[in-house]
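This is what each chain is made of:
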Amino acid sequence: MKQSYFKLLSNRCIAKSVYEMKLLGDTSGIILPGQFVNIKIDGLFLRRPISICDYDENSLTIIYKVVGKGTSTMSTMSEGAWLDLLVGLGNGFNITDSGKAPLVIGGGVGVPPMYNLAKELSKTGANVTAILGFNAKDEVFYKEKFEEICDRVYVTTVDGSVGTKGFVTDVMKNLEYSYFYTCGPYPMLKAVYDTSKTSGSFSFEEKMGCGFGVCMGCSCKTKYGNKRICADGPVLTKEEIIW
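Presented here is a report on the structure given in the accompanying data block. (Residues numbered from 1 in each chain as written. Predicted model: local features only at pLDDT ≥ 70, side-chain atom pairs only at ≥ 80, totals over all residues. Heavy atoms only, no water.)

## Focus on the nonpolar core
In summary, soluble globular proteins display a tendency toward joint burial of nonpolar side chains. Rules: Nonpolar cores were defined as sets of buried Ala, Val, Leu, Ile, Met, Phe, Trp, Tyr and Cys residues, with membership established by side-chain atoms within 4.5 Å. Here the term buried applies to any residue with accessible area under 20% of the maximum for its type, exposed to any over 50%, and partly exposed to those in between, with areas from a 1.4 Å probe on protein chains only. The helix and strand labels rest on DSSP assignments: H or I over at least four residues marks a helix, E over at least two residues marks a strand, and numbering proceeds from the N terminus. Any two residues whose heavy atoms approach within 4.5 Å at even a single point are treated as in contact.
One finds V104, L132, F141, Y142 and F146 to be the most contacted residues of the largest nonpolar core, which totals 29 residues. Put simply, the parts of the chain that give this core at least two residues each are β1 (2-15), α2 (112-123), β8 (129-134), β9 (152-157) and β11 (179-184). Per-element tally for this core: the top contributor is α2, with five residues. With residues near it in sequence (within four places) discarded, V104 still touches M114, L117, A118, L121, V128, T129, A130, I131 and Y181. Counting residues in hydrophobic clusters, the runner-up holds 22 residues, among them F36, I105, V192 and L236.

## Re the side chain of T157
Quick note on the threshold: What qualifies as a polar contact is a pair of N or O atoms within 3.5 Å, subject to a donor-acceptor requirement within protein and to the restriction that residues adjacent in sequence count only when both atoms come from side chains.
Take T157: it is sitting in strand β9. Among the polar contacts listed, one links the side chain of T157 to the backbone oxygen of V162, at a separation of 2.6 Å.

## Topic: the pattern of salt bridges
Counted only if it meets this: Any Lys or Arg side-chain nitrogen located within 4 Å of an Asp or Glu carboxyl oxygen qualifies as a salt bridge.
According to the stated counting rule, one finds eight salt bridges in the structure shown. As a salt-bridge pair, R47 and D84 come within 3.3 Å of each other at their nearest N and O atoms. With R47 in the loop between β3 (36-39) and β4 (48-55) and D84 in strand β6 (residues 82-89), this residue pair connects regions lying 37 residues apart in the sequence. For the pair R47 and D84, a shared accessibility class is recorded, and that class is buried. One salt bridge connects D194 with K190, and the closest N-O pair in it is separated by 2.8 Å. A residue pair is termed a helical-turn pair when its members lie 3 or 4 positions apart in one helix, as D194 and K190 do in helix α5 (residues 186-195) at four residues. Residue classification places K190 among the partly exposed residues on the basis of a relative accessible area of 28%.

## Quick notes on the sheet that holds strand β2 (residues 18-24)
Rules: Here the rule is simple: two strands pair whenever DSSP picks up at least two bridges between them. Angles shown run from 0 to 180 degrees and are taken between the N-to-C directions of axes, each axis being a line fitted to C-alpha atoms and, for helices, limited to the stretch in contact.
As summarised here, the arrangement of the six strands in space is β1-β2-β5-β4-β3-β6, forming a closed barrel in which the pairing is antiparallel. Averaged over all pairs of adjacent strands, the angle between their axes in this sheet comes to 45°, without regard to strand direction. On the sheet, α2 packs against β4 and β5 (59-65) and is oriented at approximately 30° with respect to β4.

Structure below.
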């Protein structure tokens, strides 16, 4: 974990209630795809945890959905503002487990951390397939960006307004893959677990207090004892999860 100040480069709406924020600053604390940042927002006591969509040596991209006071305040921030971030939180995804044909599955705001993961997997020469799940067409984002780095990209919408009508598992059940990675709402993760044919890694969305393992507010039971989603997670393997 590293505390750094980042300069806001852009903050734009890319889908219904969904914003992409690009920041300039020290990203050396980030070492694995799937980690997250914790953002301090003026007037609010708790920081807001947001997954990392992409990063390089000196810039960071996050994608967030406006669902409360914190994210609503973030959506009004303008270019040139400075943000206080805790960077490189969480354990991230292990790409050495992927095999030659990994599958990445994101649902809603669980899509962003899949993007950098897919990029890193593609760099290894793996044939990456992505499934992106949304409720409706106006919520879809980053489809084209995934198509630039993945061998195959499937989009599902609950109402059928774009892509396959239904859920990510409706596509997943018909695919062959060597390993899978997924992030999204709890019901989706459970459905992916039940549908999966191989081992895999799950990134859990959880309300957090401190974000780095002190308050114990996001603890969960696993087959190997209690783990903190913010510090020991957010990524857990299929074999250790207790639903």
